[in-house]
Amino acid sequence: MGKIKDKIKFFCFLLVFFILAGCGKKEETLTGEINDDVYVAEYHIFHMEKSMPYLALFHEDGTLYFASIGQNKNGELYLLEPGQKEPEEIDIGLTSETWITSMGQDQSSNLLLACSRYEETLDLLELKKLSAEGELLQSLDVTGIFRDIAGFEAEKLAGDAKGNYYIAQKKKIYLVNSEGQLFDTFEMEASIEDLFWVKENNLLLARLSNGMFAKIDEKKYNVQMLSSDINFGNGICIGGREKELLFTQGDILYTCNVKDNTPTKILNWSDCGVNSAKLQSFILLEDGRIAAFSAQSEEEGCEVAVLTKTKEGEIPEKTIITYGCAFPGSMLCSQIVRFNKISTQYHIELKQYGESSTDMEEIKNLIRTDLLSGNAPDIIDIGMLFSEEERRELIEAEVLEDLNPYFDKDQNICREDYLEEVIQFYERNQALYAVMPTFGLYGLVGKEEDIAKSDLGTLEEFQAFYMNHYGSMKGLKGISRERMLDILCLFNMNRFVDRETGECHFDDECFIQVLEFASQFSTGEEKISLERTRNGDVLFMEAALLSAADFQRYEYMFGEPVRIIGYPSSSGNGLMALPCVSVLAMNKKAEDKEGAWQFIRFLLEEDQQEEMGRSGAQGIPVKKTVIERLCEEQMEIEYEKDEEGNLQEKSKGSWELGDMVIEYYAMTKEESDYFKELLGGIGNSMETEMHQRLLEMIQEEANAYFSGSKSVKEAVRVIQNRAQNYINETMDYKSE
């Protein structure tokens with residue numbers, strides 16, 4: 001059971017991962033032939049009582065099968081036929097501890113299920129075969145074959161006309177015959193992502209994580225490797241009809257043959273009102289329609305959309321507003337779909353940047369080029385990929401529209417209803433060039449007893465407190481000397497560069513003290529154990545709050561009450577509100593600016609702000625009333641019964657901390673008040689207009705001092721000369 005819960009948690013984590021784009025490889029946006037057909041959707045929505053689907057599969061006739069999980073419910077199987085209003089539960093004899101771990105089909109389109117139960121290791125694995133109508137045709141206990149394989153889980157499943165089962169796990173496919181005996185094992189070059197039949201060509205294909213395909217000959221029981229020039233990303237891949245494959249990548253549905261050089265684009269899911277981030281299964285029906293199933297949320301329910309190819313002239317006309325971004329996350333896809341369903345006048349069309357590339361610089365250059373040439377989308381998301389300096393450069397290029405007039409004339413969106421310290425972050429010369437609908441709060445966190453009664457806002461106060469009380473005995477967890485130098489420069493740059501005159505002051509005593517202070521820290525990020533953190537070896541660590549509940553995470557790590565302070569800054573308030581996901585800007589040359597504003601304001605409305613705030617991954621919403629409501633929700637104590645029937649407080653959620661899963665509970669009023677107090681003290685004093693090259697120069701020469709090859713005075717003399725020459729050449733620090 002634990003393995004399946006972990007799998008579902010990991011699926012949710014993947015969604016978060018693609019939103020934040022913080023780790024690993026991103027999906028490409030492919031170029032290819034474009035199909036100009038227009039699809040119109042009919043939606044059927046149903047709700048599951050306290051459960052949500054986690055696996056789904058369409059039969060070729062449009063019948064949907066799905067497994068659902070919920071409170072006190074494990075892997076229950078449901079069937080929904082075309083035209084049926086509510087799904088019907090199918091009893092396949094599963095015990096409460098048994099889960100449906102994978103679904104597949106055989107050559108005759110029968111439904112195949114792998115049903116597992118786990119204790120310490122695999123305790124039961126049954127293979128079940130059902131007809132299209134849901135009749136149980138076969139049940140095989142194959143536990144004995146797989147029990148001794150460490151960490152085994154049936155990840156993908158298929159079957160042939162002889163009754164054989166193909167069970168994929170990691171790089172291997174296990175062939176089990178109709179009698180439940182292991183017949184053969186195939187090992188692939190890489191992990192198996194999908195396993196499916198291409199009915200038209202009678203092909204059983206396995207898509208591998210390295211982009212290759214394995215053709216499995218069910219007659220000769222051998223494997224032939226097939227190469228492909230197409231990057232299929234991390235989306236769903238199934239067998240097609242006229243062509244071998246149908247697959248999703250981001251918001252787009254493509255079709256192709258394995259040997260094609262480029263795929264053919266069929267549609268954008270969001271144009272059809274389908275949230276691709278919540279998509280679990282789809283199929284191309286015999287009559288050319290496309291059926292798609294997505295599980296939204298317990299409140300919004302589950303949706304089956306049937307898409308019909310329609311002549312463009314028969315569709316009610318809406319004004320197209322284009323939205324450009326690199327990697328659309330699940331929340332954005334959901335919001336675009338919702339807006340398009342609600343709006344009678346405008347339709348958001350998503351443009352994904354990254355034409356056949358995962359190179360971040362290349363993608364940013366594409367966006368910059370479009371903006372500078374006037375060919376950019378109406379709305380451009382300059383979050384995620386862009387640094388603050390790069391956003392400043394776009395603002396200075398005068399390619400972004402001032403949003404203040406839209407705020408001023410909008411009768412339903414009042415700027416005073418939002419956190420002004422956050423809204424004004426991208427304001428220059430009384431013009432507002434971008435907004436972030438949500439943000440993260442960043443600073444330093446330490447034990448309350450250590451820092452509550454001390455003034456630590458300025459550079460001098462912070463240095464004196466740290467050295468006088470702790471010296472080198474206590475550290476700042478995860479902060480290297482290079483990172484500390486970055487922090488001190490970023491938040492105090494106006495001490496060292498006069499923006500009025502362009503004069504540099506890196507050779508004064510203050511900067512010498514900065515270098516000497518930074519040198520006290522270790523090279524590289526030191527990993528300090530939870531035990532050492534709680535024992536007092538850590539004075540501060542960097543804190544990132546994406547929700548009110550995150551405060552409890554740091555209390556757990558320190559083992560007692562904590563306080564959060566801003567980074568040491570010349571203003572005395574270095575508590576930062578920075579973009580969490582999106583930074584929305586309007587193209588100055590947008591054809592319909594009012595339409596672009598309608599979607600920007602949509603993301604600032606109450607309902608959207610609440611949804612983003614509740615997600616836990618999108619950041620803190622900027623609307624004050626929503627923050628207040630979410631804090632009240634976090635203070636509500638809920639109860640549940642334990643195994644012995646006693647009432648106990650129910651957790652609000654959990655975090656992963658290394659190998660541990662830490663549950664958190666309702667906030668206290670004191671914690672809620674303190675969180676809101678922090679929001680009232682946002683400084684946003686970072687010198688975001690400091691050129692990155694200047695910081696690189698400082699680091700280069702500081703490293704010579706850190707390594708001992710130069711004295712501190714020699715280092716600051718070189719830094720002063722290089723910085724002054726750079727400022728004289730670029731004049732980036734003239735007053736505005």
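See the structure shown above.
Just so it is clear, the model here is predicted, and its values are computed rather than measured. (Residues numbered from 1 in each chain as written. Predicted model: local features only at pLDDT ≥ 70, side-chain atom pairs only at ≥ 80, totals over all residues. Heavy atoms only, no water.)

## Examining the overall build of the protein chain
Logical step 1: Counting its regular elements, the protein chain contains 20 helices and 41 strands.
Logical step 2: Put simply, the protein chain has 736 residues, and 55% of those count as buried.
Logical step 3: For the protein chain, contacts bridging at least 24 residues in sequence account for 62% of all contacts bridging at least 6.
Logical step 4: Summed over its atoms, the accessible surface of the protein chain is roughly 32,600 Å², and 45% of this surface lies on carbon and sulfur atoms. (Helix = DSSP H or I, 4+ residues; strand = E, 2+ residues; numbered from the N terminus. Buried < 20%, exposed > 50% of the residue type's maximum accessible area, 1.4 Å probe, protein only. Contact = heavy atoms within 4.5 Å. Areas by Shrake-Rupley, 256 points an atom, 1.4 Å probe, with all protein chains shown as cover.)

## What to know about the sheet that holds strand 11 (residues 156–159)
Logical step 1: Strand order in the open sheet formed by eight strands is 10-9-8-7-11-12-13-14, and the pairing between neighbours is mixed. Edge positions in the open sheet fall to strand 10 (136–141) and strand 14 (182–187), since each of these has one partner strand only. Across this sheet, the average inter-strand angle for adjacent strands is 20 degrees, counted without regard to direction.
Logical step 2: Bridge count between strand 7 (residues 99–106) and strand 8 (residues 111–118): six bridges; the pairing is antiparallel. Bridging across to strand 8, Gln 105 finds its partner in Leu 111. (Pairing = 2+ DSSP bridges. Axes fitted to C-alpha atoms, helices over the stretch in contact; angles between N-to-C directions.)

## Some points on empty space enclosed by the protein
Logical step 1: Applying the stated criterion across every chain yields a total of two cavities of 30 Å³ or more.
Logical step 2: A volume near 180 Å³ is recorded for the largest cavity.
Logical step 3: Along the wall of the largest cavity there are 21 residues; nearest its centre are Leu 332, Asp 381, Val 581, Ser 582 and Gln 618.
Logical step 4: The set of elements that each furnish at least two residues to the lining of the largest cavity consists of helix 1 (2–20), strand 26 (319–325) and helix 3 (330–342).
Logical step 5: For the lining of the largest cavity, the class distribution of residues is 15 nonpolar, five polar and one charged.
Logical step 6: The volume enclosed by the second largest cavity comes to roughly 50 Å³.
Logical step 7: What lines the second largest cavity is simply Cys 325, Ala 326, Ile 367, Asp 381, Gly 383, Met 384, Leu 385 and Phe 386.
Logical step 8: Per-class residue counts for the lining of the second largest cavity are six nonpolar, one polar and one charged. (1 Å grid on protein atoms, 1.4 Å probe; cavity = no way out; pocket = protein on both sides within 12 Å on 5 of 7 lines; lining within 4 Å. Points joined across faces, edges and corners; volume = space filled by probe spheres on them. Nonpolar A, V, L, I, M, F, W, Y, C, P; charged D, E, K, R; others polar.)

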